[in-house]
Amino acid sequence: MEGHEEERLCGKWRVACGLYSYNLRDVFTWRLLKTIVMGQILSLLICGTAVSCQYLAEYKVETPMLQSFLSYTLLLLVYTTILSTRKGDRNILQILKNKWWKYLVMGLADVEANYAVVKAYQFTTLTSIQLLDCFVIPVLMVLSWFFLKTRYKLVHFVAVVVCLLGVGAMVGADILAGRSEGSRETSDVVLGDGLVLLSAVLYAVSNVCQEHTVKNLSRIEFLGMMGLFGTLISGIQLAVLETRAVAAIEWKFHICMLFAMYVLCMYALYSFMPVVVRMTSATAVNLSLLTADLFSLFCGLFLFHYTFSTLYIISFVVITLGFVMFNAVPTYSALPESGSSDGDPAEASADPTAESSSDHLLSADRETQRTETLTAVAAL
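Residues numbered from 1 in each chain as written. Predicted model: local features only at pLDDT ≥ 70, side-chain atom pairs only at ≥ 80, totals over all residues. Heavy atoms only, no water.

(A) Structural context of the overall build of the protein chain. Helices and strands together make up the secondary structure of the protein chain, namely 17 helices and 2 strands. When each of the 380 residues of the protein chain is scored for burial, the buried share is 49%. Total accessible area computed for the protein chain in this model is approximately 18,500 Å², and 67% of it derives from carbon and sulfur atoms. (Helix = DSSP H or I, 4+ residues; strand = E, 2+ residues; numbered from the N terminus. Buried < 20%, exposed > 50% of the residue type's maximum accessible area, 1.4 Å probe, protein only. Areas by Shrake-Rupley, 256 points an atom, 1.4 Å probe, with all protein chains shown as cover.)

As structure tokens, then:
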């Protein structure tokens, strides 16, 4: 009797934690591998934007709002134009009539998040930015819990901690290499740290809006509205803040190429990220993006003569391990998930594989619970 009771309690603990004796084939599926690869592609795109910004800064070109404006304008020309050609409830006029203020808030959060984190580099250290930028993950989990009704298990929190340990190893390598040093005043550092935390909160708001839109409405609607309101908001801010800085730019060929590199990387990032978010979640995507700083550092070894550290490799492995742990056990939403109203090929291509890892694991959840129920009945 005691043995049955002990087994039943252990089973309940495993259900709460999300820790099961899964078959490795149920965990390490093609879908999980594809998610990992797609997440690292996003990190490489962010790395491309970071490298182009670094070169622009070396040429004394510091116009973050201009760069954002050009990126949003490209989204406007492509995705907002597609929305304009649609008819019925999916037309841009109907969307603006019913939900304009929601997309205005989303666009404002995204634009200001990009601006705040770029400005933070002028006031605080690289180490502070790398550490504080991770604040986006707990904020995302809290917002997802309340607004998207996402429910997590213990293994998900452990996975987040593992990823943050990987970030710690990366920051440790920066400190040993001396890249965290600086002669900034304390007041400037506090301002810079505050900007990083503000950008993390705003990114979390934008990402939660993105996850809700791409999973319940459509990727094209999200990108079209982001292009429209992002262009409007960044254009106004550009005219107010950076008119002189833009006029001072010497438009040489290499400067134009760096702007083009930044804009194309941002366009690809915005276009591709909703596909990955739809397959996983905004939290999982942000965990995978923790490796973006590592890719930037790897590029810096060759382009900016950074010092190599074994901690970079350790950091990459640990972050990847945490990402795999987070995606190996599925979360679930207390809200019913409606399908996309869009004929988007990228979304459609993601749907056939939707039964892969998550469905296997959810089936295992249900089977475990049934087994425990039968065990308890037999014990009685």
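From this point, the narrative continues.
(B) How the structure looks around the environment of Val171. With respect to the secondary-structure elements, Val171 resides in helix H8 (residues 154-177). Given a relative accessible area of 4%, Val171 falls into the buried group. When the C-alpha atoms of Val171 and Leu294 are compared, they prove to be 10.0 Å apart, with 123 residues separating the residues in sequence.

(C) Region of interest: a nonpolar patch on the surface. Where nonpolar side chains cluster on the molecular surface, the patch consists of Trp30, Leu33, Val37 and Ile41 and spans about 400 Å² of accessible area. Topologically, Trp30 is positioned in helix H3 (residues 30-58). (Patch = residues over 30% accessible without salt bridge, like charges linked within 9 Å, V, L, I, M, F, W, Y side chains within 5 Å. Salt bridge = Lys/Arg side-chain N within 4 Å of Asp/Glu carboxyl O.)

(D) Representation of the pattern of salt bridges. Scanning the entire structure with this criterion turns up 3 salt bridges. With a shortest N-O distance of 2.9 Å, Glu221 and Lys99 are connected by a salt bridge. Taken together, the residues Glu221 in helix H10 (residues 219-241) and Lys99 in helix H5 (residues 92-120) connect sequence positions 122 residues apart. Residue classification places Glu221 among the buried positions, given a relative accessible area of 6%. Linking Lys215 and Glu211 is a salt bridge whose minimum nitrogen-to-oxygen distance equals 3.2 Å. Within this pair, Lys215 and its partner Glu211 are both found in helix H9 (residues 186-216), separated by 4 residues, close to a single helical turn.

(E) Expanded view of the confidence of the model for the protein chain. Per-residue confidence for the protein chain gives a mean pLDDT of 78; residues scoring 70 or more make up 76%. Across the protein chain, the secondary-structure element scoring lowest on mean pLDDT is helix H17 (residues 357-379), at 42, and the one scoring highest is H10, at 95. With pLDDT under 50 throughout, residues 345-380 is counted as low confidence; its partners more than four residues away or in other chains account for 49 contacts. (pLDDT = per-residue confidence, 0-100. Contact = heavy atoms within 4.5 Å.)

(F) Quick peek at the environment of Val318. Along the chain, Val318 turns up in helix H15 (residues 310-328). Accessibility expressed as a relative area gives 23% for Val318, which makes it partly exposed. Between the C-alpha atom of Val318 and that of Val167, which follows or precedes it by 151 residues, the distance is 8.6 Å. Not counting chain neighbours up to four residues away, the residues in contact with Val318 comprise Val162, Leu165 and Gly166.

(G) A look at the state of the cysteines. Under the definition given, this model contains 0 disulfides. Here Cys163 is not cross-linked by a disulfide; its sulfur's nearest cysteine counterpart is in Cys134, at 9.3 Å. (Disulfide = S-S within 2.5 Å.)

(H) Region of interest: H5. Helix length check: H5, at 29 residues, gives a terminal C-alpha distance of 35 Å against a target of 42 Å (1.5 Å per residue), a shortfall beyond 12%. For H5, the principal kink sits at Lys99 and spans about 85°. The N-capping residue of H5, defined by a side-chain oxygen 2.9 Å from the backbone nitrogen of Leu93, is Asn91. (Expected span 1.5 Å × (residues − 1). Bend = angle between axes of the 7 residues up to and from the residue. Polar contact = N/O pair within 3.5 Å; in protein donor to acceptor, adjacent residues only side chain to side chain.)

(I) Region of interest: the packing of H5 against H10. Taken N-terminus to C-terminus, the directions of H5 and H10 make an angle of 55°; their axes are 7 Å apart at the nearest point. As judged from the angle between their axes, H5 and H10 are oblique. Viewed along their axes, H5 and H10 form a crossing whose handedness is right-handed. Class assignment of the residues belonging to the contact of H5 with H10 gives a composition of 17 nonpolar, 4 polar and 4 charged. (Axes fitted to C-alpha atoms, helices over the stretch in contact; angles between N-to-C directions. Parallel < 35°, antiparallel > 145°, perpendicular 65-115°, else oblique. Left-handed = near helix turned anticlockwise from the far one by under 90°. Nonpolar A, V, L, I, M, F, W, Y, C, P; charged D, E, K, R; others polar.)

(J) Quick peek at the nonpolar core. Within the largest apolar cluster, 42 residues are counted, with the highest numbers of intra-cluster contacts made by Leu42, Met225, Met226, Phe259, Tyr270 and Val285. Of all the secondary-structure elements, those providing two or more residues to this core are H3, helix H4 (64-84), H5, H10 and helix H12 (253-279). When residues in this core are grouped by element, the largest group, 13 residues, is from H12. Those residues in contact with Met225, other than ones at most four positions away along the chain, are Leu83, Ile92, Ile95, Leu96, Tyr103 and Gly230. Grouped together as the second largest cluster of nonpolar side chains are 32 residues, Ile36, Val167, Ala204 and Tyr312 included. (Core = buried A, V, L, I, M, F, W, Y, C linked by side-chain atoms within 4.5 Å.)

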